[in-house]
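In case you want the letters, here they are:
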Amino acid sequence: MFGSPATYTGDKLSCIEPDYTKYVDPKLIRRMSRIIKMGMAAAMETLQQSGIGQPDAIITGTAYGCLADTETFLTRLVEFNEEHLSPTAFIQSTHNTVGAQIALQLGCHNYNNTYVHRGSSFEAAMLDAVSLMQEGEADTVLVGAADEIIEKSHAIIRRFGQYKENGHSSKLFTSGTSGTMAGEGAAFFMLAKQKNENAIAELKDVKTYYKTRRSVANIINNFLMENNVPVEELNLVILGNNGDAKTDAHYNDLAQKIFSGKRLMGYKNYCGEYPTSSAFALWLAVRMIEHGKRLNNETSLKKVLIYNNYKLQYPSLYLLSVC
Amino acid sequence: MNKNVYIAGIGVISAIGNNVAENLASLKAGNAGMGEMQRLQSSHKGKLPVAEVKLNNEELCKQLNLPAHISRTALLSTVAAKEAIDCSGIHINNYRTGFISANSVGGMDKTEKFFIEFLNDHNSGDLHEVVNHECGAVTEITADHLGIRDFVTTVSTACSSSANSIFLAARLIRQGMLDVVVAGGTDSLTKFTLNGFNTLMILDQEYCQPFDDNRRGLNLGEGAGYMVLVSEKVVESMNKKPIVKITGWANANDAHHQTASSPDGTGNMLAMKGALKKAGLTPSDIDYINLHGTGTSNNDIAEGTAIKTLFEGNYPPVSSTKSFTGHTLGASGAIEAVYSVLAIQEGLLFPNLRFATQMKELPFKPVTELVQKEVKNVMSNSFGFGGNCSSLIFSKL
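To keep things clear, this report deals only with the structure shown in the data block. (Residues numbered from 1 in each chain as written. Chains lettered and ligands numbered in written order. Predicted model: local features only at pLDDT ≥ 70, side-chain atom pairs only at ≥ 80, totals over all residues.)

**Topic: the interface of chain A and chain B**
Turning to step 1, where the next piece is worked out: With 50 residues of chain A at the interface, the matching set in chain B holds 49 residues.
Turning to step 2, where the next piece is worked out: Put simply, the parts of the chain that give the side of chain A that touches chain B at least two residues each are α3 (67-79), α4 (87-92), α5 (97-106), β3 (111-115), α6 (121-134) and α7 (151-159) of chain A.
Turning to step 3, where the next piece is worked out: The greatest single-element share of the side of chain A that touches chain B, amounting to six residues, is contributed by α3 of chain A.
Turning to step 4, where the next piece is worked out: Among the residues forming the side of chain A that touches chain B, the class breakdown is 22 nonpolar, 21 polar and seven charged. (Contact = placed C-beta atoms within 7 Å. Helix = DSSP H or I, 4+ residues; strand = E, 2+ residues; numbered from the N terminus. Nonpolar A, V, L, I, M, F, W, Y, C, P; charged D, E, K, R; others polar.)

**Let's talk about the environment of Val341 of chain B**
All names here are of chain B.
Turning to step 1, where the next piece is worked out: Along the polypeptide, Val341 turns up in helix α12 (residues 332-346).
Turning to step 2, where the next piece is worked out: Owing to 26 C-beta atoms within 10 Å, Val341 belongs among the buried residues under this scheme.
Turning to step 3, where the next piece is worked out: The spatial distance from the C-alpha of Val341 to the C-alpha of Val138 is 26 Å, given a sequence separation of 203 residues.
Turning to step 4, where the next piece is worked out: With residues up to four places along the chain from it excluded, the contact list for Val341 reads Ile7, Ile10, Met227, Val244 and Phe394. (Buried ≥ 20, exposed ≤ 12 C-beta atoms within 10 Å, placed from the backbone.)

**Comments concerning the nonpolar core**
Turning to step 1, where the next piece is worked out: In this structure, Met227 and Leu229 of chain B are the most contacted members of the largest nonpolar core, which totals 227 residues.
Turning to step 2, where the next piece is worked out: When near neighbours in sequence (up to four residues on either side) are disregarded, Met227 of chain B contacts Ile7, Gly9, Ile10, Ala84, Ile166, Ala183, Gly184, Ala337, Val338 and Val341 of chain B. (Core = buried A, V, L, I, M, F, W, Y, C linked by C-beta atoms within 7 Å.)

**Concerning the environment of Gly292 of chain A**
Residues and elements named next belong to chain A.
Turning to step 1, where the next piece is worked out: Its place among the elements puts Gly292 in helix α11 (residues 278-295).
Turning to step 2, where the next piece is worked out: Note on Gly292: 20 C-beta atoms within 10 Å, which makes it buried.
Turning to step 3, where the next piece is worked out: Between the C-alpha atom of Gly292 and that of Tyr8, which follows or precedes it by 284 residues, the distance is 28 Å.

**A look at the packing of helix α2 (residues 57-64) of chain B against helix α3 (residues 72-88) of chain B**
Residue and element names in this part refer to chain B.
Turning to step 1, where the next piece is worked out: Interaxial distance between α2 and α3 falls to 10 Å at its minimum, and their mutual angle equals 45°. Here α2 is positioned oblique relative to α3, judged by the angle of their axes. In the packing of α2 onto α3, the handedness of the crossing is left-handed. Here Asn57, Leu60, Cys61, Gln63 and Leu64 of α2 come into contact with α3, specifically with Arg72, Leu75, Thr78 and Val79.
Turning to step 2, where the next piece is worked out: When grouped by side-chain class, the residues that make up the contact of α2 with α3 number five nonpolar, three polar and one charged. (Axes fitted to C-alpha atoms, helices over the stretch in contact; angles between N-to-C directions. Parallel < 35°, antiparallel > 145°, perpendicular 65-115°, else oblique. Left-handed = near helix turned anticlockwise from the far one by under 90°.)

Structure below.
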């Protein structure tokens, strides 16, 4: 991905989709909307890599839910004046469909929950996972997030002035203009209480805040202090700037004040901006740590911090270390 | 870890009342909330009965001092959450307080209006009507109105949503992350859900008859329910001590079908069993089960069979209060949790209205009259699409 990342022009970054038949029963794929397929594929790949066939819990986050199915049912409802409707789109439109379909495919009767809280949907899923383990109710948790762009939701959000007119993903962070580029995606993780031979990284901590009055600098410093990790020890900081000049100032300010001299990177040039994009950032961080483990040299990452703050209302932090 | 979590306050708005006192009065009097559609503008008006909250949006906005364009789902939520806090008498700003809400379709009541104009022209339709479409946006209107920001989130697992928000609240308090949590859920009637359930052919054209052999389906309802859950430490500072605590909860998945329950109620059984285990109780300790009891052929046989297996020889009194409120979807778990707390506080078992014929597959039938007796442990069941099954247990101190 870093060698020659896909580039996008315009106002959105659509997912590069895999051959879903590798992950899901082809008979079922036909009826599934894109978000369900994306979620299933990411979840199944995670399960395969982890070597854990049946997790003790499945927890998902999504801000918008199954937009395509919602839109299909709503459009027919309006156009046919509440007549001649079929139930398929409706029954797949519920927000827990991705988590439910994973459980169905695995025959997994364990805990299953879904969080739908805008820019902290994935964080809520992660917090539930950690809390469930702390409670002794799960040793392994499959946790992930999925959100999709559909034509109509994109048209509506564009009217709120959130997107660039002529964006270019490779110049996203240097455009100096207002607005960002839309994104979408699905990412899943297997969290385990005990380290197994497939473990890639340790999730030291995750925290999220809602419209807090505290300064973000203060929140970040406290977060690092609580985890006994001084800024100097961080090998990489992944930031959630999205190319919108209005909000990027916030991240630039932190870069100067707290992370001066640190190796910093943005990630939304790869996935675009969406409420659960921090799941992509976490996936990216884990992949980079894994790569470093293989190289096993002085460039290998040991500690990585992720900071995203969707619409500057949900400051969220992740601290990872190699294990 | 064995920390108690107490219920310090409750709030509810539904078709049988705009607050706890009105709901309790209707439950005691046996007054159901279904009727002909008044507020919802649907072509099914006159054909499908619904259980509407009697206040219209203008009245709700005026009561709360909120702007008129706000989703009815958020208005119902705010009314009930406020009542729960007032009832507790707790100054929430003195504690680490969270708001954990739930709903199934967010601001869909407004989005479906917006969509009519939007479909004609993508540049038309009032954006105010779609700005709160997301489930989380509905929660934030209430959280911001209440001034809660230490932790705010939203659960959405269809019809079990607000049972899940309540057990998350209990768990986070036990773990010391929060002192006080206002938890529950809300949903208003929408054409989207009405037509969705109608296409599944599980809506009753008459008033529903849960757990009856001749049941025909469910009636949709609307409303919101919340409870204030508090830690041991908070209780110490309270003058009026709570008498109910949440002792058990569990979530399990049926993993059978996206919408239908397995015939033997595998998920239902696992949820009830898990909640009993968590509470350290045996089936014979349960004094009353507030059923999920939608009135559909599939739910009631699955839930009934699971109870038959788990409680064999020891069937506690059961009833579905959906025979009063209709199925309020994302709010139902919380509304019924509020009723479960009332059952303990008031020493009452609520009747299952319109019951006529016992299901031939089951060796028990629901309570059909109001019963006064001491109630120590209540189980409340909530099951949703995607096989999502949750059970909560409330106990008397």
